[in-house]
Amino acid sequence: MTLIVTGGAGFIGSNFIFYMRKAHPEDRIVCLDKLTYAGNLSTLAPVMDDPNFRFVKLDICDRAGVFALFEEEKPDVVVNFAAESHVDRSIEDPGIFLQTNILGTATMMDACRTFGNVRYHQVSTDEVYGDLPLDRPDLFFTEETPIHTSSPYSSSKAGADLLVQAYHRTYDLPITISRCSNNYGPYHFPEKLIPLMIANCLNNKPLPVYGEGLNVRDWLYVEDHCKAIDLIVRKGRIGEVYNVGGHNEMRNIDIVKLIIKELGKDESLITYVTDRKGHDLRYAIDPTKIHNELGWLPETKFQDGIKKTIQWYLDNKAWWEEIISGEYQNYYEKMYGNR
Ligand code: NAD
Ligand code: TYD
């Protein structure tokens, strides 16, 4: 089958493409990505010459461009990763989040219903549920937890989820939604907590911990998320939401200290900075539904995954150093400008 994967030059989308090339080499993958600051085409270099892979530089809000691509490729499935994804940026400037995350989702689904009711999967986030208190470790997000957002980012993702459910109810579009907890692993953009702390540690720069570092996130190795999406796309029940997470809650400060220890640095690098506005306290997923219905379980334990991730950043310094220097943004022009 042919899958259109949006946002495939970003963190999770690229990992998904690599996973799919291995798991289903017979499938054709068309990656559609606008290459915003978060998209890095050099990440996709290993699959660029694969005859079953095509990259198209396109904005998911570009209706004419998206429709033309559907006409040409006749996709069987769309997996929508494309999004503005950084909470701090959404607090600075919400506009582009509404544009890409909500209107872009609508554009992709309009194309799906115009070209034969194409199967559509929305990659969402546990952040649509808001947060949980720190002193109630017995509480978890289930698929029934009401949507209750905190940041412009999570609100835009929640808006998209509601639209996806509306397109199912109104137009009978065959949709599924996954809501995953925080991912970590290779190709994670170094503005997010784990890669930022690794890069700063390696450069002996201060490690900016928001507030007291007591906020809790539920971390999942990115490949486990990719496997869950693959399962949902192939076997998930149409119209359903699936939570994805591996019961791996960690306080930010403990993650930072672990990275410092693994890299043999000193805790004096830690710098407590002003807290994020509206900072969500705790995320924690109950993954019972995807386990019971689809047999999904995370395979990578955090203590192994974080070591693999740190090693990846040590082995691939050029990848993140080019991001920090801004050099990666010239890559597309350099490699594909005349192609
Ligand atoms: P990312 O920021 O690393 O990558 C986003 C990608 O989307 C980039 O390649 C970017 O160029 C592309 N993009 C942005 N706007 C676009 C547009 N208008 N048209 C086409 N492409 C565009 O994000 P990520 O961390 O890989 O997240 C991917 C998806 O997973 C997002 O939808 C996010 O909400 C969701 N998610 C992320 C996490 C996480 O921990 N990172 C957890 C749960 C869900
Ligand atoms: P982040 O990686 O931005 O993911 P999200 O906000 O979507 O969960 O942040 C993870 C946690 O780390 C969050 O509680 C904010 C905190 N944080 C810091 O303390 N310092 C930082 O420099 C960053 C980027 C995040």
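Whatever comes next refers back to the structure up there.
Residues numbered from 1 in each chain as written. Chains lettered and ligands numbered in written order. Predicted model: local features only at pLDDT ≥ 70, side-chain atom pairs only at ≥ 80, totals over all residues. Heavy atoms only, no water.

(A) Expanded view of a nonpolar patch on the surface. A contiguous nonpolar patch, built from Leu 134, Leu 214 and Leu 281 and spanning about 220 Å² of accessible area, is present on the exposed surface. For Leu 214, the position within the fold is in the loop between strand 8 (207-210) and strand 9 (216-218). (Patch = residues over 30% accessible without salt bridge, like charges linked within 9 Å, V, L, I, M, F, W, Y side chains within 5 Å. Areas by Shrake-Rupley, 256 points an atom, 1.4 Å probe, with all protein chains shown as cover. Salt bridge = Lys/Arg side-chain N within 4 Å of Asp/Glu carboxyl O. Helix = DSSP H or I, 4+ residues; strand = E, 2+ residues; numbered from the N terminus.)

(B) Just the site of ligand 1, in detail. Around ligand 1 there are 28 residues in total, and Ile 12, Asp 33, Ser 85, Tyr 153 and Lys 157 lie nearest to it. In the model, a nitrogen atom of ligand 1 is placed 3.0 Å from a nitrogen or oxygen of the Lys 34 main chain. One of the backbone N or O atoms of Thr 36 is found 3.0 Å from an oxygen atom in ligand 1. Isolated, ligand 1 exposes 830 Å² of accessible area, and the fraction of that covered by the protein chains is 97%. Ranked by residue count, the leading element in the shell around ligand 1 is strand 5 (residues 119-125), at three residues. Of the residues contributing to the shell around ligand 1, the split by class is 13 nonpolar, eleven polar and four charged. (Near = heavy atom within 4 Å. Polar contact = N/O pair within 3.5 Å; in protein donor to acceptor, adjacent residues only side chain to side chain. Nonpolar A, V, L, I, M, F, W, Y, C, P; charged D, E, K, R; others polar.)

(C) Structural context of the pattern of salt bridges. Going through the model one piece at a time under the given rule, you end up with 21 salt bridges. Between Glu 223 and Lys 22 there is a salt bridge whose closest N-O contact spans 3.8 Å. Residue Glu 223 is found in helix 7 (residues 222-235), and its partner Lys 22 is found in helix 1 (residues 11-23); the two are separated by 201 residues along the sequence. Its relative accessible area of 63% is what places Lys 22 among the exposed residues. For the salt bridge of Glu 191 with Arg 89, the shortest nitrogen-to-oxygen distance reads 2.7 Å. Taken together, the residues span a long stretch of sequence, with Glu 191 in the loop between strand 7 (183-184) and helix 6 (193-202) and Arg 89 in helix 3 (residues 87-92) at a distance of 102 residues. Residue class for Arg 89 comes out partly exposed when judged on its relative accessible area of 35%. (Buried < 20%, exposed > 50% of the residue type's maximum accessible area, 1.4 Å probe, protein only.)

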